[in-house]
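Listed below, chain by chain, are the residues.
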Amino acid sequence: MIHDSLQHQGMRRKLVEEVARKGISSEPVLQALSKVPRHLFMESGFVKFAYRDQAFPIGAGQTISQPYTVAFQSQLLQVEPKQKILEVGTGSGYQAAVLLEMGAQVFTIERQRELYIKVQQLLPPMGYHPRFFFGDGYKGLPTYGPFDGIIVTAGAPFIPEDLKQQLKIGARLVIPVSTGEHQVMTVVERVDENVYDEKQYGLFSFVPLLKGTN
Ligand code: SAH
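A brief look at the structure comes next. (Residues numbered from 1 in each chain as written. Predicted model: local features only at pLDDT ≥ 70, side-chain atom pairs only at ≥ 80, totals over all residues. Heavy atoms only, no water.)

The mixed open sheet is built from 7 strands, whose spatial order is β5-β4-β3-β6-β7-β8-β9. The open sheet has two edge strands with one neighbour each: β5 (131-134) and β9 (195-204). With strand direction ignored, the average angle separating the axes of adjacent strands in the sheet is 15°. Pairing analysis gives 8 bridges linking strand β8 (residues 183-192) to β9, with the strands arranged antiparallel. Paired with R190 across the two strands is Y196, which belongs to β9. Across the sheet, helix α4 (residues 67-77) is in contact with β3 (84-88), β6 (147-152), β7 (167-178), β8 and β9; its angle to β7 comes to roughly 150°. (Pairing = 2+ DSSP bridges. Helix = DSSP H or I, 4+ residues; strand = E, 2+ residues; numbered from the N terminus. Axes fitted to C-alpha atoms, helices over the stretch in contact; angles between N-to-C directions. Contact = heavy atoms within 4.5 Å.)

Structure follows, in structure tokens:
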């Protein structure tokens, strides 16, 4: 791993302990969090913030999600090795890296060209190889689906029908759904061809899921 010092590893261990204390119990999720060098996903000079449990600006008005939130969504997704996972909202690529550490095959979409380009220079040298797509995540990736899981990392005003359609039977969509200022973390499970089960898991704060590309 490039530029990952003992100091970084120490700070990361503390962060993982903090996330576990806040209620994340999935061993594969905590393991993945302990491996991804979050400081490399942020602007240089912010190393001391990288291992705080906070969201952070990454340019283009977007943020790298809070580690607890990344862990919470990853846990809800119930990822198994080799599974095909779609992520909507690549952003910094941090969430994608966590899913890759969990052994998933990751397809990730971003609507901001600047971030889409930046992340493709950042992740592969670290050994992370998701498949990158530029486009509007509301539509998903119909030609690559159906997926074993879909994770949306921006606040959606509603649950996009296209994403539900791209779930395998038994697969789950983890999506923060807006109720004004905050979002309700929602899991939609496709129990049968036309049967979906919906559960809610508390309030979070995300940047908005926007239409079209930029
Ligand atoms: N998963 C990211 C979180 C980034 S914030 C990380 O780990 O860093 C959410 C991201 O979703 C932003 O980069 C934003 O540009 C992107 N986004 C918003 N609406 C989108 C859409 N319709 N399709 C794809 N990406 C979208």
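Take unusual backbone geometry next. With an omega of 0°, the peptide bond between G145 and P146 qualifies as cis. With respect to the element layout, P146 can be found in the loop between β5 and β6. The phi angle at A60 is positive, at roughly 55°, despite the residue not being glycine. Structurally, A60 can be placed in the loop between β1 (56-59) and β2 (62-64). Its identity as a non-glycine residue notwithstanding, Q78 has a phi of 50°, on the positive side. On the secondary structure map, Q78 appears in the loop between α4 and β3.

Counted residue by residue, β3 has 5 buried out of 5 residues, so it is predominantly covered. Burial of the side chains of β3 extends over both faces: K84, L86 and V88 are buried on one face and I85 and E87 on the other. Note that β3 and strand β4 (residues 105-110) share 5 bridges and pair parallel. Looking across to β4, one finds that L86 is bridged to F107. After leaving β3, the chain enters helix α5 (residues 94-101) and then returns to the sheet as β4, a path that is right-handed. Pairing of β3 with β6, which is carried by 4 bridges, proceeds in the parallel orientation. If you follow I85 over to β6, its bridge partner there is G149. (Buried < 20%, exposed > 50% of the residue type's maximum accessible area, 1.4 Å probe, protein only. Right-handed = clockwise from strand over helix to strand, strands pointing away.)

For helix α6 (residues 113-122), every residue scored as buried is listed here: L115, Y116 and V119. The arc that holds the buried residues of α6, viewed along the axis, is 100°, so those residues lie on one side. (Arc of directions from axis to C-beta.)

Put simply, the largest pocket is a space of about 490 Å³. Within the residue set of the lining of the largest pocket, elements represented by two or more residues are β2, α4, β3, α5 and β4. Roughly 160 Å³ of volume is contained in the second largest pocket. For the second largest pocket, the full set of lining residues is L40, F41, M42, E43, I58, G91, S92, L115, K118, V119 and L122. Per-element tally for the lining of the second largest pocket: the top contributor is α6, with 4 residues. Of the residues in the lining of the second largest pocket, the class split is 7 nonpolar, 2 polar and 2 charged. (1 Å grid on protein atoms, 1.4 Å probe; cavity = no way out; pocket = protein on both sides within 12 Å on 5 of 7 lines; lining within 4 Å. Points joined across faces, edges and corners; volume = space filled by probe spheres on them. Nonpolar A, V, L, I, M, F, W, Y, C, P; charged D, E, K, R; others polar.)

The final tally for this structure, using the stated rule, is 11 aromatic pairs. A ring pair is formed by F49 and F56, whose centres lie 5.3 Å apart and whose planes are at 25°; its orientation type is stacked. Its end group placed over the ring of Y94, R38 keeps NZ or CZ at 5.4 Å from the ring centre. (Phe/Tyr/Trp six-rings, centres within 6.5 Å; stacked < 30°, edge-to-face > 60°. Lys NZ or Arg CZ within 6 Å of the ring centre and 35° of its normal.)

Turning next to the pairing of β7. As defined by bridge partners, β6 adjoins β7 across 4 bridges and the pair is classed as parallel. By the bridge assignment, G149 is partnered in β7 with R172. Two strands pair when backbone bridges link them, and β7 and β8 are joined in this way by 7 bridges, in the antiparallel orientation. Following the sheet pairing, L173 is matched in β8 by V188. Hairpin connection from β7 to β8: 4 residues lie between these consecutive antiparallel strands, with G180 at a positive phi of about 95°.

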